[in-house]
Amino acid sequence: MSNILSVRNLKKKYGSVEAVKGIDLSIRQGSCFGLLGPNGAGKTTSIEIMEGIIPPDSGEILFRGKPIDRHFKQKVGIQFQSTSLPEFITVKETLELFRSFYPSPREMDDLIEICSLQDILDRDNRKLSGGQRQRMLLALAIIPRPEIVFLDEPTTGLDPQARRNFWNLIENIKKENATVILTTHYMDEARRLCDTIAIMDKGIILECAPPEELLDKHFEGVLIRVPHNGKIPEILPEGAIIQGNNLEIQTTELDKTLKDLQLNSWNLMGLSIHKPDLEDLFIKLTGSSLRN
Ligand SMILES: Nc1ncnc2c1ncn2[C@@H]1O[C@H](COP(=O)(O)OP(=O)(O)OP(=O)(O)O)[C@@H](O)[C@H]1O
């Protein structure tokens, strides 16, 4: 798989705020690439530069190895965080309207199937639920058969079932070999959909690799969490750190660590043991939870 989009030393300032401080990214054709980061990390700025919507102060965006030009906009489909839809017309009428803007739009039947719009075709745009609206916006983004689909926090505000349904639609798009670039605040979403994730904070990329690779690199064994209830001893058990309200220990020797805790008279009420996941990685790298 070759790179469809590459970003080289991208920088962007707003007044004195350095939103993006020289990032490099390579995105493979046909992959799903996730950009994750806490609020204000610089994700939307980076993605809007990649979309060709705002210019960088410096740096380059390469599409298939060549600097992007005015034709690039025809290759991408964008689902924005908030878009107003025409009022007083139905979903079907809206799709027909937007299809008429393009020389060879995607077939109506394809749009309906890929984005599961069968049940809402005759519904007025004003009457759509959050999940239905996102399905509709995704359909609008893929009308021109884009090679790259940008989704900026596509499932924020949706209920868990609607989020899962939306993931199926993104997988439908991946099956068509389009490249998907998304930002998200949800680690389960990134794990389920993304082949590669980049974790961004304060304008820089902290890590960029497949999720499994990152977890293998940063963690060994399991994570034990025990609430400390404000009673933190001066000397912590081996390998332990304080993370918020918990004592956290990463260990490959579970039995020994549990025995050590008991010997140190830790109250083990509320103890949990789990395999480290992306949420843990995120906290380790940025010091904060993704949904703060
Ligand atoms: N148009 C703008 N004018 C001034 N400052 C801006 C502008 N857009 C973004 N910023 C600032 O740039 C920094 C990065 O913002 P950006 O929206 O790219 O972050 P983000 O990671 O997408 O955050 P969120 O998850 O909250 O959407 C923030 O400090 C933000 O306040």
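Scoring rules and cut-offs
- Just so you know, the residues in each chain are numbered from 1, in the order the chain's sequence is written.
- Whole-chain, interface and lining totals are the exception, using all residues; otherwise, since this is a predicted model, local features are given only for residues with pLDDT of at least 70 and side-chain atom pairs are given and counted only at 80 or more.
- UniProt positions are given in the numbering used here, feature names are shortened, and annotations may be inferred rather than shown by experiment.
- Put simply, DSSP H or I for four residues or longer makes a helix, DSSP E for two residues or longer makes a strand, and each gets a number counted from the N terminus.
- Three exposure classes are used, all based on how many other C-beta atoms lie within 10 Å of a residue's own C-beta (placed from the backbone): buried at 20 or more, exposed at 12 or fewer, and partly exposed between those limits.
- It is the C-beta atoms, placed from the backbone, that decide contacts: two residues are in contact if theirs lie within 7 Å.
- To decide nearness, the C-beta atom of each residue is placed from the backbone, and the residue is near a molecule or strand if that atom lies within 6 Å of it.
- Under the scheme applied here, ten amino acids are nonpolar (Ala, Val, Leu, Ile, Met, Phe, Trp, Tyr, Cys and Pro), four are charged (Asp, Glu, Lys and Arg), and all others, including Gly, are polar.
- For each domain, the first and last residues come from an automatic or database assignment.
- With axes taken as lines fitted to C-alpha atoms, and helix axes fitted only over the stretch in contact, angles between N-to-C directions fall between 0 and 180 degrees.
- An angle below 35 degrees is treated as roughly parallel, one above 145 as roughly antiparallel, one from 65 to 115 as roughly perpendicular, and anything else as oblique.
- Definitions for this section: a left-handed crossing has its near helix turned counterclockwise from the far helix by less than a right angle. A right-handed crossing has that turn clockwise.
- Here, any two strands with at least 2 DSSP bridges between them count as paired.

Naming follows an unreviewed UniProt entry, where the chain appears as ABC transporter ATP-binding protein of Oceanispirochaeta crateris. In its Sequence similarities (unreviewed entry) section, the UniProt entry covering the chain states "Belongs to the ABC transporter superfamily."

If you tally the helices and strands in the chain, you get nine helices and 14 strands. Referenced to the eigenvectors of the C-alpha coordinate spread, the extents of the chain come out at roughly 75 × 45 × 40 Å. The proportion of buried residues among the 292 residues of the chain is 33%. Restricting to contacts in the chain with at least 6 residues of sequence separation, those with at least 24 account for 69%.

The immediate surroundings of the ligand are formed by Tyr-14, Val-17, Ala-19, Gly-37, Asn-39, Gly-40, Ala-41, Gly-42, Lys-43, Thr-44 and Thr-45. Breaking the shell around the ligand down by element, the ones donating at least two residues are β2 (17-28) and α1 (43-50). Counting residues per element, the shell around the ligand draws most heavily on α1, at three residues. Across the shell around the ligand, the residue classes tally to four nonpolar, six polar and one charged.

This part covers the environment of Asn-172. Following the sequence through the fold, Asn-172 ends up in helix α5 (residues 160-175). Separated by 101 residues in sequence, Asn-172 and His-71 have C-alpha atoms that sit 26 Å apart.

With that settled, the discussion passes to the domain arrangement of the chain. Per the domain assignment, the segments making up the chain are domain 1 (3-210) and domain 2 (220-275). Spacing between the C-alpha centres of domain 1 and domain 2 amounts to 40 Å.

Helix α9 (residues 278-286) packs onto helix α7 (residues 211-218) with a crossing angle of 60° between their chain directions and a minimal axis gap of 10 Å. Classified by the interaxial angle, the pair formed by α7 and α9 is oblique. For the pair α7 and α9, the crossing hand works out as left-handed. Only Leu-278, Leu-281 and Lys-284 of α9 make contact with α7, whose side of the interface consists of Pro-211, Leu-214, Leu-215 and His-218. Residue composition of the contact of α7 with α9, grouped by class: five nonpolar, one polar and one charged.

Our focus in this paragraph is the sheet that holds strand β3 (residues 32-36). Strands pair in a sheet through their backbones, by hydrogen bonds, and they do so in one of two ways: parallel or antiparallel. Taken in spatial order, the six strands make up an open sheet running β6-β7-β8-β3-β9-β10, and their pairing is mixed. Two strands bound the open sheet, and with one partner strand each, they are β6 (76-79) and β10 (204-209). Neighbour to neighbour, the strand axes of the sheet diverge by 15° on average, direction disregarded. Both strand β7 (residues 148-152) and strand β8 (residues 179-184) contribute to a ladder of five bridges, which runs parallel. Paired with Asp-152 across the bridge in β8 is Thr-183. Helix α4 (residues 130-142) rests against β6 and β7 of the sheet, and its axis sits at about 160° to β6.

This brings us to the packing of α4 against α5. Running from N to C, α4 and α5 point in directions that differ by 15°, and their axes come no closer than 10 Å. Classified by the angle between their axes, α4 and α5 sit roughly parallel to one another. Crossing geometry of α4 relative to α5 is assigned as right-handed. Contacts between α4 and α5 involve Gly-130, Gly-131, Gln-134, Arg-135, Leu-138 and Ile-142 from the first element and Ala-162, Asn-165, Phe-166, Leu-169 and Ile-173 from the second.

Attention now goes to the environment of Gly-34. Along the chain, the position of Gly-34 falls in strand β3. Judged by C-beta crowding, with 26 C-beta atoms within 10 Å, Gly-34 ranks as buried. Residues Gly-34 and Ala-198, 164 residues apart in the sequence, show an inter-C-alpha distance of 6.2 Å. Gly-34 has contacts with Leu-182, Thr-184, Ala-190, Leu-193, Cys-194 and Ile-197, leaving out every residue within four places of it along the chain.

Turning next to the pairing of β2. In the sheet, strand β1 (residues 3-14) pairs with β2 via nine bridges, with the strands oriented antiparallel. Paired with Asn-3 across the bridge in β2 is Arg-28. In sequence, β1 turns back onto β2 through a hairpin of two residues, with Gly-15 there showing a positive phi of about 60°.

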